[in-house]
Amino acid sequence: MTEKVNPVNVIKYAGAFVACAIGSGFATGQEIMQFFTGQGILSLAGTLVTTVIFAWIGGLFMKHGYEQQLENPADIISYYFGKRFGKIAEYIFQIFLFGVYVIMIAGAGATLAEYFGINPMIGRVAMAGLAFFTVILGLSKLTDILGSLGVVIILFAVGIGIYSFAANFAALPAQAAAIPALDMTKTQGGWLWSSILYPSFNAVVVIILASSLGKGASSAKEAQLSGILGGALFGGAVLAMNLGLMANIKELFSMSVPTLALANRISPVLGVIFSITICCGIYTTTVPMLWGNVRQVAKDGTLKFVLIALGLTVLGLALGATDFKKLVNIIYPFSGYAGLILMGFAAYREYGSRRSAAKASSLAEKSKEALGVNSSYDQSDIMA
């Protein structure tokens, strides 16, 4: 029987998946600069590695979300890690998710402060408030909001990255050659390790929302295709952004929000529009991070849910008053190590356990056949 696949749903779910992955780190260009551009010209190959990994894990998360139909999306972690370690893993991952939420709050403040020169606390409070009110609306409205914004943000980011690369294409070799001498904040371990670590930490970011999105798909195939498309779109955006930043790195390496500088170079009007787009990108990650933490301990629509969301919002605001670049450099790599472990367990659940089940089924069939043969011999003996 052919599994039902609605192309409109695939695009909508892929958009929501991308929107969750795009946050202040990506939209500002800070995480791209640390994980890719700072690694030099070989980071272009690294973006391809990232795309393949993220499309693969996105497809798995959403497929498993459909298959398991979990009432609490965070239980997908227990599905991967088992009953013994699952609950411990859930709480560990929630800590990382909250760390990403704090980065989003800090990133909102940094964006508005760098472009408009206003007090960063204004941006932090505004983003925290928007996220809080969106979270208490519920997941169905959240999916529609994120799905729409994700596509818009990708188009903006890719467009600015490609234009900035094309406008300074001739200078790319000289710009790339200068990277080792620049005093840049970057991920340690080289281009290949960075390209593996980047989708790994994003796996931690998207797992709970991806499980929820997959649950609502029409079929396992539709869910998996949505995750694969979302991962591929995100990888394409990373490549475009990396090219744009690398072609202009000598002028951008010290900035907290380098993509905003690229947009402003094209046009001051575009700079204003893109600053709003960046804030939208931050918003689309802030919301699912907060929702994922609250949903772990309370059901949507309850008073407990609202009170916990409010408490975490206040705590996030307090912790978000920290240097944005340092937060990205500390929290994201550690989240990446946790994500690597998560991807290993997800791969085992998809391939290892199913292979074991298939092997057990094969052995059972052989046992049945053997019993049938023995039974026929016994009957022959009786007849004799």
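Residues numbered from 1 in each chain as written. Predicted model: local features only at pLDDT ≥ 70, side-chain atom pairs only at ≥ 80, totals over all residues. Heavy atoms only, no water.

With that out of the way, let us pick up the packing of helix α1 (residues 7–21) against helix α13 (residues 268–295). At a minimum axis separation of 6 Å, α1 and α13 run at an interaxial angle of 90°. The orientation of α1 relative to α13 falls into the category roughly perpendicular. Between α1 and α13, the residues in contact are Ala 19, Cys 20 and Ala 21 and Thr 284, Thr 285, Pro 288 and Met 289, respectively. Of the residues belonging to the contact of α1 with α13, the class tally is five nonpolar, two polar and no charged. (Axes fitted to C-alpha atoms, helices over the stretch in contact; angles between N-to-C directions. Helix = DSSP H or I, 4+ residues; strand = E, 2+ residues; numbered from the N terminus. Parallel < 35°, antiparallel > 145°, perpendicular 65-115°, else oblique. Contact = heavy atoms within 4.5 Å. Nonpolar A, V, L, I, M, F, W, Y, C, P; charged D, E, K, R; others polar.)

What follows covers empty space enclosed by the protein. For the structure shown, the criterion picks out two cavities of 30 Å³ or more. As a volume, the largest cavity reaches approximately 40 Å³. Looking at the largest cavity, it is lined by 11 residues, and the ones nearest its centre are Ala 21, Phe 201, Asn 202, Val 205 and Tyr 332. Of all the elements in the fold, those that place two or more residues in the lining of the largest cavity are α1, α5 (76–116) and α9 (191–215). In terms of residue count, α9 provides more of the lining of the largest cavity than any other element does, three residues in total. Its residues assigned to classes, the lining of the largest cavity shows seven nonpolar, three polar and one charged. (1 Å grid on protein atoms, 1.4 Å probe; cavity = no way out; pocket = protein on both sides within 12 Å on 5 of 7 lines; lining within 4 Å. Points joined across faces, edges and corners; volume = space filled by probe spheres on them.)

In terms of nonpolar packing, the biggest core is built from 110 residues, with Phe 26, Phe 61, Tyr 80, Tyr 198, Phe 234 and Tyr 332 touching the most fellow members. Looking at this core, the element that brings in the most residues is α5, giving 20 residues. (Core = buried A, V, L, I, M, F, W, Y, C linked by side-chain atoms within 4.5 Å. Buried < 20%, exposed > 50% of the residue type's maximum accessible area, 1.4 Å probe, protein only.)

Here we take up the state of the cysteines. Counting across every chain of the model gives zero disulfides. Here Cys 279 stays unpaired: no disulfide links it, and the sulfur of Cys 280, its closest cysteine neighbor, is 7.2 Å away. (Disulfide = S-S within 2.5 Å.)

Looking now at the confidence of the model for the protein chain. Should the pLDDT be low somewhere, the predicted coordinates at that spot are not to be read in detail. Across the protein chain, pLDDT averages 84, with 87% of residues at or above 70. Ranking the elements of the protein chain by mean pLDDT puts helix α15 (residues 324–383) last, at 69, and helix α4 (residues 43–68) first, at 94. (pLDDT = per-residue confidence, 0-100.)

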